[in-house]
Amino acid sequence: MSFNFGQIIVAGVSLLIAFLGISCQVYAVIPHYGGWNLTSISILIPFNILLFFLCWNYYLTCITDPGKIPENWEPKLEGEDVTIIEVKKKNNEPRFCRTCAAFKPPRSHHCSSCERCVLKMDHHCPWVNGCVGHHNYGYFIRFLFFVDVTCSVCLYLLCVRAYEVYDDSVHFRYWYKPYPSTFELIMLLLATCGDGLVLILVGFLSGQQFWSMSVNTTTIEGWENEKIDEMVSKGRIEKDKVNYPYHLGVLRNIKQVLGDNPWLWLWPSPVPGDGLNYPVADGLKLPVIWPPPEYIVEKNRPPNTFVPKQRIVKPDVIPASEQELYQRHRRGSEGYIVPNISMEQREKMSDFGMYSDASEDFSENYIDDDEGSDDYVSGQGYPRSSLYYRGSNAYPYGEEGEDAPSDDSDTDDQPIGQRITSVQMKAMKTE
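Rules used in this analysis
Residues numbered from 1 in each chain as written. Predicted model: local features only at pLDDT ≥ 70, side-chain atom pairs only at ≥ 80, totals over all residues. Heavy atoms only, no water. UniProt positions renumbered as here; feature names shortened; annotations may be inferred. pLDDT = per-residue confidence, 0-100. Helix = DSSP H or I, 4+ residues; strand = E, 2+ residues; numbered from the N terminus. Polar contact = N/O pair within 3.5 Å; in protein donor to acceptor, adjacent residues only side chain to side chain. Contact = heavy atoms within 4.5 Å. Salt bridge = Lys/Arg side-chain N within 4 Å of Asp/Glu carboxyl O. Buried < 20%, exposed > 50% of the residue type's maximum accessible area, 1.4 Å probe, protein only. Patch = residues over 30% accessible without salt bridge, like charges linked within 9 Å, V, L, I, M, F, W, Y side chains within 5 Å. Areas by Shrake-Rupley, 256 points an atom, 1.4 Å probe, with all protein chains shown as cover. Disulfide = S-S within 2.5 Å. Core = buried A, V, L, I, M, F, W, Y, C linked by side-chain atoms within 4.5 Å. Expected span 1.5 Å × (residues − 1).

The chain is annotated in an unreviewed UniProt entry as Palmitoyltransferase from Basidiobolus ranarum. For the chain, the Subcellular location (unreviewed entry) comment in UniProt is given as "Membrane". Looking at the Catalytic activity (unreviewed entry) heading of the UniProt record, one finds this comment for the chain: "L-cysteinyl-[protein] + hexadecanoyl-CoA = S-hexadecanoyl-L-cysteinyl-[protein] + CoA".

Right under this line is the structure:
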C-alpha cells in the first residue's frame, strides 16, 4: 500500500483535533468545575457530541470519492432533460479533457494533483488528501460548520479556565487549593493558542464556502465569474446577457448541497443528484450555453481592438432628480460651474441696476466671443455669442449669425444697440 504526504497531513489534522478536544476537557472543564460531577458532565456530553460529528464528517470527507466521469460519457445537446451545455472558451465546442480523453460534464474540472477530472470540482484540499467535489462537498460543509462551533465552545472553556488561574493567583487563593502544575499551564496555553489559530483560519475558509453554497458557485466558478464581472464593469458585455445560470435562490441552493429536509442538514447524508446535470434558474432559455457567447467573443478578441461605446448624455435622459440642477447650472468657458440665469431673471436684475455700464462680472462670466464658444442658454434658442448690449440691459437677439439692429432705430419695441464683444468691452473699460 502506497503512502503519500497527503496521508501524513490527514494524520496530523486528526492528532490536532484530538489534542484540542482532550486538552479542553482535561485541563479546562474538569479542573474548573472541581472534577467529575453533574455540572462538568452536563458540559462534557454536548461538547463530545459536537466533537464526534466533527470527526465523523471529516472522516467522510476524506474517504468519499468526489465524483468520477462515467466511462464513455458524452454530453447531450438536445432533449427535455438537457438544461445546460458548457463549452470551451476557445472554439465554443463541448468541453473535452485531452488528458483524460473524455468529455467534461457541467461544472467538472481536471485536477492535476489527483490526475483526473472531478465532478463539480470546488478545489483540491491537502487537509483531506484529495479534491472536494460533488459527492463529498456536503460532508465538507458540515465539517467546517462543526469545526467553527466546536472550536468556539472549546475556546470559551479554555479562556474561562485561564482566567480562573489568573484570578486565583492574583487574590492568593492557592494557599488553600492546589496550584496547577507547570505542565498543566503549558498545555492550557498551547491549547488556547492552537484553538484560536484554528478558529481564525478555518473561519475565513468557512465564510467563503458558506457564501459559495448560498449562491451555488464553486471556488473555480467564482474566479470565472469575477472575470465576467470585470468585462461587464468595463462595458464590454451587457449585464443582462451574462446571468449566472446555477443561482436558484438561497434556499434551493442550500438544498442542492445538504438535502431537501432542513431538519437533516446537519446529519451526514449524501449530496442529491449524480453530478452530471444540474437545474438552472427559472426564466432562462433551455439549454443554457455557458460561458455565454458574448463572453467568449470578448475573451478571444485580439488585444487593443476593443472600442468602448461613447456615452451620449442628453437633457431628456437626465434623471428627474438632477434635471433641476442641470437647468440651474452650466459650465463656463474656463471650466467652472456657474449659475445659468434665465432671460426673465436677467431683466429683473437689470431693473435693479445689477447690469450697469460699469459692470465687469457680466462681460467676464458670460461674454466669450474670442473663445469661439457656442454654449446655449438653458431653455433658450440663442447661443452666448448672440448677446447684445442696450443701456444697462443685456439679452439675446435673433438667431445665431443674424445682424443686430442699428443704433439709429427709434422704436422701443425692439432691442437697439451694438453687439458687445470681449475686445470692445475691454476698450470700454479703458475709456
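On we go.
**Student:** Account for the confidence of the model for the chain, naming residues and giving values.
**Tutor:** Residue-level pLDDT values for the chain average 78, and 69% of them are 70 or greater. Looking at the elements of the chain, mean pLDDT is at its lowest for strand β11 (residues 387-390), recorded as 38, and at its highest for helix α2 (residues 38-63), recorded as 96.

**Student:** I'd like a rundown of the side chain of Thr219, residues and numbers included.
**Tutor:** Looking at where Thr219 falls in the secondary structure, it is placed in helix α5 (residues 219-233). Among the polar contacts listed, one links the side chain of Thr219 to the side chain of Asp122, at a separation of 2.9 Å. When residues no more than four places from it in sequence are discounted, the contact partners of Thr219 are Asp122, His123, Gln208 and Gln209.

**Student:** Hey, could you go over the pattern of salt bridges for me, with residue numbers and the actual values?
**Tutor:** Enumeration over the complete set of coordinates arrives at nine salt bridges. Arg161 is paired through a salt bridge with Glu164; the nearest N and O atoms lie 2.8 Å apart. You can see Arg161 and its partner Glu164 sitting in helix α3 (residues 137-170), three residues apart, about one turn around the helix. You'll find Arg161 and Glu164 in the same group, each marked buried. The shortest N-O distance in the salt bridge between Asp282 and Arg252 comes to 3.8 Å. Of the two residues, Asp282 sits in the loop between α6 (250-258) and β8 (288-290) while Arg252 sits in helix α6, which places them 30 residues apart along the sequence. What makes Asp282 exposed here is its relative accessible area of 68%. The exposure class assigned to Arg252 is partly exposed, which follows from its relative accessible area of 37%. Here the residues in one salt-bridge network are Arg161, Glu164 and Glu184, joined through shared partners.

**Student:** Go over a nonpolar patch on the surface with me, naming the residues and quoting the values.
**Tutor:** There is a patch of nonpolar side chains on the surface, built from Trp36, Ile41, Ile45 and Ile49 and spanning about 430 Å² of accessible area. Within the secondary structure, Ile45 is located in helix α2.

**Student:** Which residues make up the UniProt feature "transmembrane region" (unreviewed entry) in the chain, and what values do they have?
**Tutor:** In the UniProt entry, the feature "transmembrane region" (unreviewed entry) is given for residues 38-60, 143-163 and 183-205. The distance from the first to the last C-alpha atom of residues 38-60 is 33 Å, and the span holds 100% helix and 0% strand. Structurally, residues 183-205 comprises 100% helix and 0% strand, and the distance from its first C-alpha atom to its last is 33 Å.

**Student:** Which residues make up unusual backbone geometry, and what values go with them?
**Tutor:** With an omega of -10°, the peptide bond running from Leu286 to Pro287 counts as cis. Tracing the backbone shows Pro287 in the loop between α6 and β8. Looking along the chain, the bond that leaves Trp290 and enters Pro291 is cis, with omega of -5°. Mapped onto the fold, Pro291 is located in the loop between β8 and α7 (293-299). A positive phi angle, close to 70°, is found at Arg107, a residue other than glycine. Within the secondary structure layout, Arg107 lies in the loop between β3 (102-103) and β4 (109-111). Backbone geometry places Asn216, a non-glycine residue, at a positive phi of 60°. Residue position: Asn216 is located in the loop between α4 (182-215) and α5. Looking at Asn216, the relative accessible area reads 4%, which means it is buried.

**Student:** Account for the state of the cysteines, with residues named and values stated.
**Tutor:** Applying the stated criterion to the full structure yields zero disulfides. Just so you know, Cys62 is unpaired, no disulfide at all, and the nearest cysteine sulfur is the one on Cys125, 8.1 Å from it. For Cys125, a relative accessible area of 5% corresponds to the buried category.

**Student:** Provide a residue-level description of the side chain of Ser206, including the pertinent values.
**Tutor:** Position of Ser206 among the secondary structure elements: in helix α4. Excluding its chain neighbours within four sequence positions, the residues that come into contact with Ser206 are Leu144 and Asp148.

**Student:** Lay out the nonpolar core in plain terms, naming residues and giving numbers.
**Tutor:** The biggest cluster of nonpolar side chains holds 28 residues, and the ones touching the most others in it are Val147, Met213 and Leu258. Contributions of two or more residues to this core are made by α1 (5-32), α2, α3, α4 and α6. Sort the elements by how many residues they give to this core and α3 lands first, with eight residues. Leave out the neighbours within four places in its chain, and Leu258 touches Gly138, Ile141, Arg142, Met213, Leu264, Trp265 and Ser269. In terms of nonpolar packing, the next biggest core, distinct from the first, is built from twelve residues, Ile228, Val242, Tyr278 and Val280 among them.

**Student:** How would you summarise the environment of Thr99 if you had to cite specific residues and measurements?
**Tutor:** Of note, Thr99 is situated in the loop between β2 (96-97) and β3. Along the chain, Thr99 and His110 lie eleven residues apart, while their C-alpha atoms are 8.4 Å from each other.

**Student:** Summarise α2; cite the residues concerned and give the values.
**Tutor:** An α-helical segment advances 3.6 residues per turn. Residues three or four places apart therefore align on the same side. When the terminal C-alpha atoms of α2 are compared, their 38 Å separation across 26 residues agrees well with the 38 Å that a helix rising 1.5 Å per residue should span. Three or more residues of α2 are buried, namely Ser40, Leu44, Phe47, Leu50, Leu51, Phe53, Leu54, Asn57, Tyr58, Leu60 and Thr61. The inward-facing, buried residues of α2 contact α1 and α3. Sitting at the head of α2, Asn37 places a side-chain oxygen 3.1 Å from the backbone nitrogen of Thr39.

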